[in-house]
Amino acid sequence: MIKEWLARGVIILGLVMMISIPAVNKWQQSQGVVMHARMAETGGWTPENLTAAVGKPLHLRLTSDDVTHGFAVGQLDQPAVDINPGEMTDITLVFTKPGKYTFYCTRWCSVNHWRMRGTIEVTDPLVRTEPARPPLYVTLGLNIDADHKASLTPAQMPSAWRGALLNQTVPEAYKSHNYYLSHTPVDLWLALRSEPSFDKLTDQDVWDLVAWIWQSNTSQEEVQAGKQLFTANCAACHGENGAGNGVFADQLAAGSGNAVTKQSMGEQTQKPVNFTDAPRMLSASPAHLQGKLIRGGMGTGMPSWGAIFTEDQTWALVAYLWTFQFQMEVNP
Amino acid sequence: MTRLQDTLWVDEIAPGSKVGRSSKRYSIPSRVNLYRIPWLHALLESRWPQFLVRALTLIGFVFTITTALFGSRVGSHNFAIIMVWIAWWTTLKLGFIPFGGRSWCSICPIPLPGDWLQNGGILVKSERKRGLNLRWPKSLRGSWLQSSGFLLIGLFSAVTLTDPHVTGWVLLALFTLAIGMSLVFEHRAFCSYICPIGGFSGIYAKSAPVEVRVVDKEICAKHGDKSCYQACPWGLYPLAMKDSSACGLCMECLRACPKDNLALNLRPYGSDLGRPPTSSRLDESWLALIMLGSALAFSAVFTGPWGWLKSSAFEIGSQAWLAYAAGFLVLNVLFLPALFTLCVWSWKKISHNSSPLRRLIVSQAQGLLPLGLMAWIAFTISFAFPKLNLVLGVLNDPFGWGWHLLNAASSSNSLDVSGFSPYLQVALLLVGVFWSASVTRKLTGSDGTHNSFPNIPVLAFYLVYSIVMVWLLVG
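Residues numbered from 1 in each chain as written. Chains lettered and ligands numbered in written order. Predicted model: local features only at pLDDT ≥ 70, side-chain atom pairs only at ≥ 80, totals over all residues.

A. Layout of the overall build of chain A. If you tally the helices and strands in chain A, you get 13 helices and 9 strands. Buried residues in chain A amount to 33% of all 332 residues. Sequence separation of 24 or more characterises 70% of the internal contacts of chain A that already satisfy a separation of 6 or more. (Helix = DSSP H or I, 4+ residues; strand = E, 2+ residues; numbered from the N terminus. Buried ≥ 20, exposed ≤ 12 C-beta atoms within 10 Å, placed from the backbone. Contact = placed C-beta atoms within 7 Å.)

B. A look at the sheet that holds strand β3 (residues 49–53) of chain A. All names here are of chain A. Read from one edge to the other, the open sheet built from 5 strands follows the order β3-β9-β8-β5-β6, with strand pairing classed as mixed. Of all strands in the sheet, those with a lone pairing partner are β3 and β6 (81–83), marking the two edges. With strand direction ignored, the average angle separating the axes of adjacent strands in the sheet is 30°. When strand β5 (residues 69–73) meets strand β8 (residues 99–104), the two strands line up antiparallel, connected through 2 bridges. Within β8, the residue paired with V73 across the bridge is F103. (Pairing = 2+ DSSP bridges. Axes fitted to C-alpha atoms, helices over the stretch in contact; angles between N-to-C directions.)

C. Spatial organisation of the nonpolar core. Counting residues in hydrophobic clusters, the biggest one holds 120 residues, and the most contacted among them are L262(B), A288(B), L292(B), A295(B), A375(B), A378(B) and M469(B). Mapping this core onto the domain boundaries places at least three of its residues in each of domain 1 (20–43 + 210–266) and domain 2 (283–398 + 414–473) of chain B. If near-sequence neighbours (up to four positions away) are discounted, L262(B) is found in contact with V212(B), V214(B), V215(B), C228(B), P238(B), C253(B), L254(B) and C257(B). Membership of the second largest hydrophobic core comes to 61 residues, among which are L62(A), V170(A), V206(A) and W305(A). (Core = buried A, V, L, I, M, F, W, Y, C linked by C-beta atoms within 7 Å. Domains from an automatic or database assignment.)

D. Representation of the sheet that holds strand β4 (residues 210–214) of chain B in the model. Ordered by their spatial adjacency, 3 strands build an open sheet running β3-β5-β4 (chain B), and the pairing between neighbours is antiparallel. Only two strands of the sheet have a single partner each, and these edge strands are β3 (32–33) and β4 of chain B.

E. Just the interface of chain B and chain A, in detail. Facing 18 residues of chain B, the contacting portion of chain A comprises 21 residues. In terms of residue class, the side of chain B that touches chain A is built from 12 nonpolar, 6 polar and no charged. (Nonpolar A, V, L, I, M, F, W, Y, C, P; charged D, E, K, R; others polar.)

F. Structural detail: helix α6 (residues 185–193) of chain A. Residue and element names in this part refer to chain A. Listed as buried for α6 are P185, V186, L188, W189 and L192. For α6, the angular spread of buried residues about the axis comes to 160°, placing them on one side. Buried-residue contacts for α6 involve α4 (172–175) and α7 (203–216). (Arc of directions from axis to C-beta.)

G. Broad picture of helix α12 (residues 283–303) of chain B. Over its 21 residues, α12(B) extends 29 Å from the first C-alpha to the last, a length consistent with the 30 Å expected when each residue adds 1.5 Å. Most of α12(B) is tucked away: 18 of the 21 residues are buried. (Expected span 1.5 Å × (residues − 1).)

H. A look at the environment of T160(B). All names here are of chain B. As for its position among the elements, T160 is in helix α5 (residues 144–160). As a C-alpha pair, T160 and V170 span 10 residues in sequence and 7.9 Å in three-dimensional space. Among all residues touching T160, those that are not within four sequence positions of it are I153, V166, T167 and V170.

I. Examining the packing of α12(B) against helix α19 (residues 456–473) of chain B more closely. All names here are of chain B. Running from amino to carboxyl end, α12 crosses α19 at an angle of 15°, the nearest separation of the two axes being 9 Å. Here α12 is positioned roughly parallel relative to α19, judged by the angle of their axes. Between α12 and α19 lies a crossing of left-handed hand. Counted together, L292, A295, L296, S299, A300 and T303 of α12 and Y465, V468, M469, L472 and L473 of α19 form the full contact between these two elements. Partitioned by chemical class, the residues of the contact of α12 with α19 number 9 nonpolar, 2 polar and no charged. (Parallel < 35°, antiparallel > 145°, perpendicular 65-115°, else oblique. Left-handed = near helix turned anticlockwise from the far one by under 90°.)

J. Spatial organisation of the confidence of the model for chain A. Averaged over every residue, the pLDDT of chain A is 87; residues scoring 70 or more account for 95%. Contacts for the low-pLDDT stretch residues 260–265 of chain A, under 50 throughout, to residues beyond four places or in other chains number 5 contacts. (pLDDT = per-residue confidence, 0-100.)

Below you can see the structure in the form of structure tokens.
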């Protein structure tokens, strides 16, 4: 009979232990979710999908299994933290709005660094999430995948300062912010060139005017904010100087071969775009650049930033990108 | 062929061995009685080793349900999906069934709680037995329900095999059903008449190399207690067992026999096959055909290159799925049975066989078993082998919660079997065809006619089937 009770004990103990695992986990989760970071090639984030409720703090205990990673949540005003191998980094997030947030790695951990992403689904039983507004390039019906190359380019880099000094009265229609958002610098140059009042100006003068109008549509703070975002997120591939020669550029360029298999694997990449390339940049509108940025470049390796940057941040980045084409600083 | 128990020869007993038990020790040619190997005897006689394995599978089973319901919804990161449909399925198809017939049944966790409730105890039976102990309705006997259950699983398999929640609920439903049926009906009603795995394990057990059999019929005939029958959870009487399809290899009869007159035999493959049928029941023939049909269907859905087929199998309730379901059912319920009937019928005509067609179908369907078994093994190699690398990952982190039980990073390299698997699969199907053909040849002479005209239509059926299977698996 002792043996019988022993057998029953083994079964009951085993079953109780198995059934109690989810409950224990629930309790542990209230103490903090342990999240492991690994390079995207070896698994990325584990777990990669989290849930949270509005107003309830979400405790995360972050650790890395390989190299130093970073952690930040898109659309959230929370500074990024570093995650070091063998160490625990504690972070508490509080969400005020429901929605699907994207968290991502902020350290250039590998060429697939930008693939290290996960989501936090934040729910609020009372509030329904508002449907997202379509981005400008969609409203304008722009085809951001079409090839574009300006046939005319300035002889030297246009300068907003020189443009201002020309002391010309530009028609109001060209100075509006909506015009800026939806037109390319070449559009504006052609429009100004055809104005009879500017007949005396040289072609370069008109380019300087374009730079001046472009500059007046951005602010110093915006360009500064854009520069910071660029340095942290874009320079790894596009390079600090925007010339498309970041530290991962060569690896990305190497990924462009064997297009068929790589495309099917989602691994196809291209050499990063060179923002100092005038024909390319001057034939793109701010809406076009923002579209590329938020959607990402399909089959190029360009990540989609729509889930991570706020709208203001995307416009700030676009403003900064123009500094690779125009001299925006006001000379003393 | 040599029938069991037909030829007996006396085995000298060593002096000093147990007296009072069977004084004559019989053995049968081409059989090795594993129960006479001392250490194996000790392992099987004690209930503890089997209990511990069963406890492990039961606890593991409940753990699997827990991971399915509470773990990651990503199938490849969920313990339940990988362990049930990849690891267990592979072990079942490549290990338990070909080497042990129904051996999985002897440690299957699903009927255990019901068994224990019926017995009123785990290791010892007590007086406090629970359940109504009703007899299973005669009209529902046979493997009809098992076949239908297997078809039902087949209809939803694309989702069941990939969605952890669905897997969890299916396992839980089977578990509850098994316990419930133990409380209402006597013996292993669930295992014998409902469990689809039990169904096909049973028919393939006929070809497997193990059996539990009586050693000396005379001893049984003289023994009035029938302790083996009393002990059998399946309600079988070993002396009356004609083949291995119903025996769950639980070893209770071996433990119960006071005369030590039962053997766990190692036997040649296919020993139960090729004998004239003892009944004209079509249920097992249909099950054998369903197994062939679903191996074809699953190979097409899971390992084939057709995306539209995969997605129509996935989108349950959609028009595409209804078309897939209709196709799957027509293949298994109408097409293959009709084709096989046609083959047997034309052979009957050619060879002027006077036996009733129904009886010939039942008899000839035995030949489908080796081919079916080999087809399933071949399918499993394509289906499960490339995913076996995921097993380590889910052992390390069963719920997908970021655990590190094994302290191992999940390897991203899948097992590349494409180099050898085509050869292996072709070889397996060839073995299946030849083995099936040899069963058919044995049957040809034994079907009530001395005309041993070769059964070309049925042989053609095997050949065409295996060619289609090779085309699906190897391309």
